[in-house]
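Geometric and topological summary
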Amino acid sequence: MALDIVSLFAERESERYGLHARHLNEQMVRVLKAIGYDVGFRSGRGQYLYDRDGVKYLDLLSGWGVFAIGRNHPAVREVLKRVLDADLPNLVQMDVSALAGVLAERLLKRVPYCEKVFFANSGTEAVEAAIKFARAATGRPGLVYCGHGFHGLSYGSVSLVGDDIFRQGLGPFLPDCSEVPFNDLAALERALASKKIAAFMVEPIQGKGVNLPADDYLKEALALCRKHGTLMVADEIQTGMGRTGRFLAVEHWGVEPDLVLIAKSLSGGHVPVGAVLARKWIFDKLFNRMDRAVVHGSTFSKNDLAMAAGLATLDVMESERLIENAAAKGARLTAAFADMARRYELVKDVHGKGLMIGLEFGVPRSLALKASWSLLESMNKGLFCQLITIPLFKEHKILCQVAGHASLTVKLLPPLIITDDDCDWIERAFDAVIADAHKVPGAVWSLGKTLAEHAMKARAS
Ligand SMILES: Cc1ncc(COP(=O)(O)O)c(C=O)c1O
């Protein structure tokens, strides 16, 4: 008799915060309670989440980008059930996986300048693999990454993260890693000129901040890499798989990197997976002899469920024309936010591509607003965005995030399936919350005071 997991969830879901506080990450529970996000989600379908009172939320976070095709897509679920029912010879290890071969073939059709795929279990593992490929292929130790870049939190990846919050107290990190500012070609050229750099690791659009490259940046960066014998690695873990309105974000700028990393959406939101797409000569330098056939890899990579989830996800993306939908809905929302930037002094800019959108706030002009803004910023840098995301959640049932630590940008990363009705919901909600934020004194700024006091108390304790 199989465990009745659905009843187990129903019986114990109300204990989740207590269980986590006791046995897992208590700080996360404290954060959720402080900002009032402890509503206890009970189900999810497509772009919507439902809490234990049945209230419907629009999810603009999509599990940090994994639910491009929405939660619990019936087609992916059905494929996973079929795999489980088929008694497939999963993870034989002394054989090769048929489904991995088919998924690799399918991915490479989308990225024809690469001939090989290496599968991993997550984004950070794809980054770790890329580091090894680059060092093996070039015989060089060095790695260059961008300020504000994010590539994951295992030791190799975090050595390439351009935000100290993820590193404080955790060193030492990989040696021979150096940071250059994003969008600074002169700094990149100086770094590459040592001829000791194996790879330049870059997100085409940075996830932290939703920072766009200058029009010529990626193309010129690739030319510099070629000139100095460095490989260019495009980390498309967040931007890839249609997110920006193209299969890969680099396609917007006509760039063909040496290695391309994907993960997140490829999972269909069900089975973790990551992939490195590589040019053959690079791949063959790491896997260069029979006795090195297992020089890099991991036990669970290429497992049948992950490979099937990837294949089913690509099918859904194509049959539902989700890349086209991301481009169209992204254009609509970006235009609506640009209009808000013209109407509201707190809104500075909107940036992004497709359905990866950053709405940036900044110092207002009028005196009363400016005084409240400065007070809040002096108490806690970057807190302002919480004054937008919390009312969006509580009053308008929209789940979204601040684009990074101490960031003044609110980020939208919705499932690529969102409809015009969802866009109406988003535009109405943001407009109302932003309008409220322009009222001083008002509920939004009172919330700011409460949050700042909370944050100061937490720091003192
Ligand atoms: C650009 C980028 N690279 C790497 C990662 C790490 O992926 P994972 O969390 O699956 O390890 C992330 C995760 O947010 C990411 O956004």
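Scroll up a little and you will see the structure.
Residues numbered from 1 in each chain as written. Predicted model: local features only at pLDDT ≥ 70, side-chain atom pairs only at ≥ 80, totals over all residues. Heavy atoms only, no water.

Details of helix H9 (residues 185–192)
Residues of H9 that are buried include every one of Ala187, Leu188, Ala191 and Leu192, and no others. All buried residues of H9 lie within an arc of 130° about the axis, which places them on one face of the element. Tucked inside the fold, the buried residues of H9 contact strand S5 (142–146), strand S6 (177–180), strand S7 (197–202) and helix H10 (217–228). Sitting at the amino-terminal end of H9 is Asp184, which places a side-chain oxygen 3.3 Å from the backbone nitrogen of Ala186. (Buried < 20%, exposed > 50% of the residue type's maximum accessible area, 1.4 Å probe, protein only. Helix = DSSP H or I, 4+ residues; strand = E, 2+ residues; numbered from the N terminus. Arc of directions from axis to C-beta. Contact = heavy atoms within 4.5 Å. Polar contact = N/O pair within 3.5 Å; in protein donor to acceptor, adjacent residues only side chain to side chain.)

Some thoughts on the sheet that holds strand S10 (residues 274–278)
In sheet architecture, strand pairing relies on hydrogen bonds along the backbone and comes in two forms, parallel and antiparallel. Here we have seven strands laid out as an open sheet, ordered S4-S10-S9-S8-S7-S5-S6, and mixed in their pairing. The open sheet terminates on both sides in strands that have one partner only, identified here as strand S4 (116–120) and S6. Going across the sheet, the axis of each strand differs from the next one's by a mean of 20°, ignoring polarity. Strand direction decides the pairing type here: strand S9 (residues 259–262) and S10, joined by four bridges, are antiparallel. Bridged to Leu261 within S10 is Val276. (Pairing = 2+ DSSP bridges. Axes fitted to C-alpha atoms, helices over the stretch in contact; angles between N-to-C directions.)

Considerations on the site of the ligand
Surveying the vicinity of the ligand reveals the residues Ser122, Gly123, Thr124, Phe150, His151, Gly152, Glu203, Asp235, Ile237, Gln238 and Lys264. With respect to the ligand, the backbone of Thr124 contributes an N or O atom lying 2.8 Å from an oxygen atom. Gln238 is positioned with one of its side-chain polar atoms (N or O) 2.9 Å from an oxygen atom of the ligand. Its residues assigned to classes, the shell around the ligand shows two nonpolar, six polar and three charged. (Near = heavy atom within 4 Å. Nonpolar A, V, L, I, M, F, W, Y, C, P; charged D, E, K, R; others polar.)

So, the packing of helix H5 (residues 74–85) against helix H12 (residues 304–319)
At a minimum axis distance of 9 Å, the contact between H5 and H12 shows a crossing angle of 150°. As summarised for this structure, H5 and H12 are arranged roughly antiparallel, according to the angle between their axes. Taken as a pair, H5 and H12 cross one another with a handedness that is right-handed. Here Ala75, Val76, Val79, Leu80, Val83 and Leu84 of H5 come into contact with H12, specifically with Asp304, Leu305, Ala308, Ala309, Ala312, Thr313 and Val316. Counted by class, the contact of H5 with H12 contains 11 nonpolar, one polar and one charged residues. (Parallel < 35°, antiparallel > 145°, perpendicular 65-115°, else oblique. Left-handed = near helix turned anticlockwise from the far one by under 90°.)

Without other data, these values stay purely geometric and don't point to any function.
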